[in-house]
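Now for the letters of each chain:
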Amino acid sequence: MSVRIDEMDRKILGELQRDASQSLDEIAAKVGSSKTPVWNRIRKMREGGVIGQQTVVLDAEALGFEACFFVLIRTSEHEAEWQAAFLKALRDRPEVQEAHRLAGDIDYILKVRVKNARAYDVFYQALISEVRVHNVTALLSMEEIKSTTMLPL
């Protein structure tokens, strides 16, 4: 279902991206509308798939997840069976925050959040015991400079 997004929808989406816990009254006031039209627009965008799951953003370091690794994976396997097993292995591991299939020399990049290097090694050993990969390179992030889920509306 294709949903047309106008300037008012963009304002509403911007407010929701900034803080989805705001009340409808607060959002309506900030975008210059009233509560019912704002609710109808939000409902339309949810039904149309523009607005997905609502979550909260947790502070990984405050919860003890101090290590963030970007894992570059090269594989010589490209069969459907291997790919299904690999994707299942990634989806089953909560340490994997993001996974992308790439064009170029590297086949996949993962963002893996763990408590420390030992926890990464446990993750790594479990992954390679389940699926065959040609080469794995882990890059430890020294500092997160920017992280956002907000789209430039």
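Structure: above.
Criteria and thresholds
Residues numbered from 1 in each chain as written. Predicted model: local features only at pLDDT ≥ 70, side-chain atom pairs only at ≥ 80, totals over all residues. Heavy atoms only, no water. Helix = DSSP H or I, 4+ residues; strand = E, 2+ residues; numbered from the N terminus. Rg over C-alpha atoms; globule rule 2.2 N^0.38 Å. Buried < 20%, exposed > 50% of the residue type's maximum accessible area, 1.4 Å probe, protein only. Areas by Shrake-Rupley, 256 points an atom, 1.4 Å probe, with all protein chains shown as cover. Lys, Arg positive; Asp, Glu negative; His and termini not counted. Charge placed at Lys NZ, Arg CZ, Asp CG, Glu CD. Patch = residues over 30% accessible without salt bridge, like charges linked within 9 Å, V, L, I, M, F, W, Y side chains within 5 Å. Salt bridge = Lys/Arg side-chain N within 4 Å of Asp/Glu carboxyl O. Arc of directions from axis to C-beta. Contact = heavy atoms within 4.5 Å. Core = buried A, V, L, I, M, F, W, Y, C linked by side-chain atoms within 4.5 Å.

Caption draft 1: Inspection of the overall build of the protein at higher detail. From N to C terminus, the protein includes five helices and four strands. In sequence order, the secondary structure elements of the protein are arranged as α-α-α-β-α-β-β-α-β. Against the 2.2 N^0.38 benchmark of 15 Å for 153 residues, the protein shows a C-alpha radius of gyration of 20 Å, more extended than a compact globule. Seen through its C-alpha atoms, the protein measures out along the principal axes to roughly 55 × 35 × 25 Å. The buried share among the 153 residues of the protein stands at 28%. When the accessible area of the protein is evaluated, it comes to approximately 10700 Å², of which 51% is carbon and sulfur surface. In the protein, 21 side chains carry a positive charge and 23 a negative one; their mean positions are 5 Å apart.

Caption draft 2: Molecular detail of a nonpolar patch on the surface. A surface patch of nonpolar side chains, about 410 Å² in accessible area, is lined by Val56, Leu58, Leu63 and Phe65. Its place among the elements puts Leu58 in the loop between helix 3 (35-47) and strand 1 (67-74). Leu58 sits in the exposed class, given a relative accessible area of 61%.

Caption draft 3: Quick look at helix 2 (residues 24-31). Among the residues making up helix 2, those that are buried are Ile27, Ala28 and Val31. One side of helix 2 holds all its buried residues, which, seen down the axis, span an arc of 100°. Buried residues along helix 2 sit in contact with helix 1 (7-18) and helix 3. Positive phi appears at Gly32, one or two residues downstream of helix 2, with a value of about 75°.

Caption draft 4: Structural context of the nonpolar core. Core analysis: the biggest nonpolar cluster contains 17 residues, and Leu110, Val112 and Leu127 have the highest contact counts within it. Among the secondary structure elements, those contributing two or more residues to this core are strand 1, helix 4 (80-91), strand 3 (108-114) and helix 5 (117-130). The contacts of Leu110, once residues within four sequence positions are left out, are Phe69, Phe70, Val71, Ile73, Leu90, Glu98, Ala99, Phe123 and Leu127.

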